[in-house]
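# An overview of the molecular structure
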Amino acid sequence: MTNATDLTLGHRVMAMIEDLAQHTDEPGRITRLYLSTAHRKAAEATLSMMQAAGLDAHIDALGSVIGRIEGTDPNAPALLIGSHIDSVVDAGRYDGNLGVVLGIAVVEALKQQGITPSCPIEVVAFGDEENVRFPSNLSTSSALAGRFNPAWLDGRDQDGISLRDALVAFGGDPEGAAALARNPARTLGYLEVHIEQGPQLEAKDLPVGIVSAINGITRARAYVIGEAGHAGTVPMNMRRDALAAVAEMIGIVERAGSTRTDTVATVGVAQVQPGAINVIPAGVDFTLDARAPDDAVREAMVQDILSECQAAAQRRGVELVIEPFMDSPATPMDKGLIEQLEIAVRSIGIEPLHLASGAGHDAVAMANLCPSAMLFVRCKGGISHNPAESITVEDADAAARVLLAAVKQIAT
Ligand SMILES: [Zn+2]
C-alpha cells in the first residue's frame, strides 16, 4: 500500500489529528479536560473513526474509547495500542491524540493490505491522563490494569463537581470501574506512541526514539526559617538570610541533577517572606522535583540533596525542614517489546535511539497489566502543553510505519 516515501500514512494521521483538534471547551484554543463536553465530543469522534476503520468500538464506563478487531486465533491475548484524548488547558493538538490516531491508522493499513492479525488488536483512547481537572492519577488506564481507586470518584474539580457526578453527566457509570479490569492472561502487550515533549530527538536529527523507562519522581515541600532584619543596619556576618540560604540550596539541586546520567532536579516554586526590598528574608517555602529512570540513582540523588542542603542550613544558622510527599517508582519498559520496536525502527532505515521519558504516561498504569513499550516522536523545539506543539507529516509517517511494522512482527 505504501512505500517509504509516499507519506500516505502520515497524511492520514494528520487528518485525524485535525478532526480531533476541533473539539474544545474554549473557542480559539484547545482545552479538553476529562469528562467535559468537548471530551464527550472527541470521544464520539474517535468512536466514529474507529468504526470507519472496521473496529468494533464503544465508550466504556469511565469514558475511554475502545475499538477491537479480532484475530485469526480467537483465543489469543489482545495487543493494545493507545494513548489519551484529554488535554491540558490551552494545549497542543498532538499530545495523546497522536498515539490514538496512529493506532487507528495502523488498523486501517492492515485492512488495506488484506492482513488479518493473529491476535485481537484493540485501540484505546484514554480520558484521564493529564490529571488537570480532578485529583486522580491515570484513572482510566489504571481501571484497565485493575487499579482504579474508588476514592477518585469523590475527588472534586475547582467548581466543586465530583468526578462521580461528572461521569454521570458524561454518560458513564461510576459503578462500572471495577468491571473494566482486564485479565493479564488475555492481554499480550500495550504500545503507546507519544510526542517526545523534550528536545533530544530534534538534537539527534531522528524522527522517532524508543523509550527505555518512564522516570520515577520524588517531590518534596521545603521550608527555610531564618530571621528578618533591617536590610540597612544588620551587618552581613550577623544575618540569617533565608533566601540567600535557598539560593545556595537551588545550586545544590541543580548540581545533583546535572552530574548524573539521565537525571533532572528542579526547584519550581520559591516564596519569600516577608518579601520587601528593605527586609532580610525571614522564610522561604520551596519545592523539589527530582526524576530518574533508575530508582536507586534517584534515591541517591535525593539523599545527596537532603544532606548537602542540611549542611548548608547549618553553616548559615537557618532551619531547614523538608517534607517529601511523592515517591513514585520508575517504570522500565518491556525488553521484549523494546526489541520489537528496535527491529521496526531499523526496518524504515533508522538507527534506534533509546531515551528515558521525563513525563508520566498511560503506559505507567498499563505496565501493571501487561508488557508495555513506548515510541517517542520528534516535536518541534521539544515544546508540549502549548499550542505551539508541532510535528511534521514526515515524522508522523515514520511513526506510523514503525508502529505498523511492529504490529506485523508481534501480531501476524
Ligand atoms: Zn500525553
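The text that follows walks through the structure, step by step, so that each part is easy to find. Each chain has its residues counted from 1, following the order in which its sequence is written. In keeping with the model being predicted, local features are shown solely for residues with a pLDDT of at least 70 and side-chain atom pairs are shown and tallied solely at 80 or more, while totals for entire chains, interfaces and linings include all residues. The side-chain figures draw on all heavy atoms in the structure; neither hydrogens nor water molecules are used.

### Quick notes on the overall build of the protein chain
Stated formally: Only runs of H or I of at least four residues qualify as helices and only runs of E of at least two qualify as strands under DSSP, and these elements are numbered from the N terminus. Between the two quantities, the radius of gyration covers C-alpha atoms and the globule rule is 2.2 Å times the number of residues to the power 0.38. When a residue's accessible area, from a 1.4 Å probe over protein chains only, is under 20% of the maximum for its type it is buried; when over 50% it is exposed; and in between it is partly exposed. Here a residue-residue contact requires only that any non-hydrogen atoms of the pair lie within 4.5 Å. Each accessible area value is a Shrake-Rupley result obtained with a 1.4 Å probe; residue values ignore everything except the protein chains displayed when judging cover. For this count, His and the chain ends are skipped, Lys and Arg are scored as positive, and Asp and Glu as negative. Where a charge sits is defined by one atom per residue type, namely NZ (Lys), CZ (Arg), CG (Asp) or CD (Glu).
Of the regular secondary structure elements, the protein chain holds 11 helices and 14 strands. The C-alpha radius of gyration computed for the protein chain amounts to 24 Å, which stays within 12% of the reference 22 Å derived for 412 residues, consistent with globular compactness. Its C-alpha atoms give the protein chain principal-axis dimensions of about 85 × 50 × 40 Å. By residue count, 53% of the 412 residues in the protein chain fall in the buried class. Taking as baseline every contact in the protein chain between residues at least 6 positions apart, the subset at least 24 positions apart corresponds to 77%. Working note: accessible area of the protein chain is about 17200 Å², and carbon and sulfur atoms make up 51% of it. The centroid of the 31 positive side-chain charges in the protein chain is displaced by 1 Å from the centroid of its 52 negative side-chain charges.

### Points about the coordination of the zinc ion
Four donors placed tetrahedrally around a metal ideally meet at 109.5 degrees, and six donors placed octahedrally ideally meet at 90 or 180 degrees. Applied cut-off: With water excluded from the atoms, a metal site may look incomplete; its donors are any N, O or S atoms within 2.8 Å, or within 3.2 Å for Na, K and Ca.
Bound to the zinc ion on the protein side are H84 (NE2), D95 (OD) and H194 (NE2), at distances that span 1.9 to 2.1 Å. Sequence spacing of the donors to the zinc ion: H-x10-D-x98-H. Linking D95 in the loop between strand 3 (78-84) and helix 3 (97-112) with H194 in strand 5 (residues 187-195), this pair joins segments that are 99 residues apart in sequence. An identical accessibility class is assigned to D95 and H194; each is buried.

### Observations concerning the side chain of S64
By the secondary structure assignment, S64 is in the loop between strand 1 (56-59) and strand 2 (65-69). When its relative accessible area of 0% is taken as the criterion, S64 is described as buried. Those residues in contact with S64, other than ones at most four positions away along the chain, are H58, I59, A125, F126, G127 and T140.

### Observations regarding unusual backbone geometry
In this chain, Q273 is followed by P274 through a cis amide linkage whose omega measures -5 degrees. With respect to the element layout, P274 can be found in the loop between strand 9 (270-273) and strand 10 (283-292). With a phi angle near 55 degrees, D205 is a residue other than glycine that sits in the positive phi range. Tracing the sequence through the fold places D205 in the loop between helix 6 (200-204) and strand 6 (208-214).

### Remarks on the packing of aromatic side chains
Describing an aromatic ring pair means giving the distance of the ring centres and the angle of the ring planes. Applicable threshold: Only rings of Phe, Tyr and Trp enter the pairing, Trp through its six-membered ring, and a pair is recorded when the two centres are within 6.5 Å. The plane angle decides the type: under 30 degrees is stacked, over 60 is edge-to-face, the rest tilted. A ring is scored as having a charge over it whenever the NZ atom of a lysine or the CZ atom of an arginine sits within 6 Å of its centre and within 35 degrees of its normal.
Under the defined criterion, the tally for this structure stands at 3 aromatic pairs. Ring geometry for Y34 versus F134: centroids 6.4 Å apart, planes at 90 degrees, classification edge-to-face. Of this pair, Y34 sits in the loop between helix 1 (8-21) and helix 2 (37-52) while F134 sits in the loop between strand 4 (121-126) and helix 4 (139-144); the two residues are 100 residues apart in sequence, bridging distant segments of the chain. Note on accessibility: Y34 and F134 belong to one class, buried. Both rings, one in F148 and one in W152, keep their centres 5.4 Å apart while their planes meet at 85 degrees; by these two values the pair is edge-to-face. Take F148 and W152: they sit in the same class, and that class is buried. Lying across the ring of F170, R40 places its NZ or CZ 5.0 Å from the centre. Its end group placed over the ring of F325, R221 keeps NZ or CZ at 4.1 Å from the ring centre.

### As for the pairing of strand 2
Strand residues, when the strand is regular, have side chains that alternate between the two faces of the sheet. Definition in use: Strands are labelled as partners when DSSP assigns at least two bridges between them.
In terms of residue burial, strand 2 counts as a mostly covered element, since 4 of its 5 residues are buried. Examined bridge by bridge, strand 1 and strand 2 share 4 bridges and lie antiparallel to one another. Note that in strand 2 the partner of D56 across the bridge is R68. Sheet topology note: the strand 2/strand 4 ladder contains 5 bridges and is antiparallel. When the sheet's bridge partners are listed, V65 is paired in strand 4 with A125.

### Focus on the pattern of salt bridges
Put simply, the test is: For salt bridges, the criterion is a side-chain nitrogen of Lys or Arg within 4 Å of an Asp or Glu carboxyl oxygen.
Going through the model one piece at a time under the given rule, you end up with 23 salt bridges. The closest approach of N and O atoms between R93 and E18, which form a salt bridge, is 2.5 Å. Of this pair, R93 sits in the loop between strand 3 and helix 3 while E18 is found in helix 1, placing the two residues 75 residues apart along the sequence. A relative accessible area of 30% means that R93 is categorised as partly exposed. We classify E18 as partly exposed; its relative accessible area is 38%. For R133, the salt bridge goes to D157, with nearest N and O atoms at 2.9 Å. Here R133 is found in the loop between strand 4 and helix 4, whereas its partner D157 is found in the loop between helix 4 and helix 5 (163-170), with 24 residues between them in sequence. The pair formed by R133 and D157 is uniform in burial state, with each residue classed as buried. Beyond isolated ion pairs, a larger network of salt bridges with shared partners links R68, E70, E122 and R182.

All quantities given are derived from atomic positions and should not be read as evidence of function.
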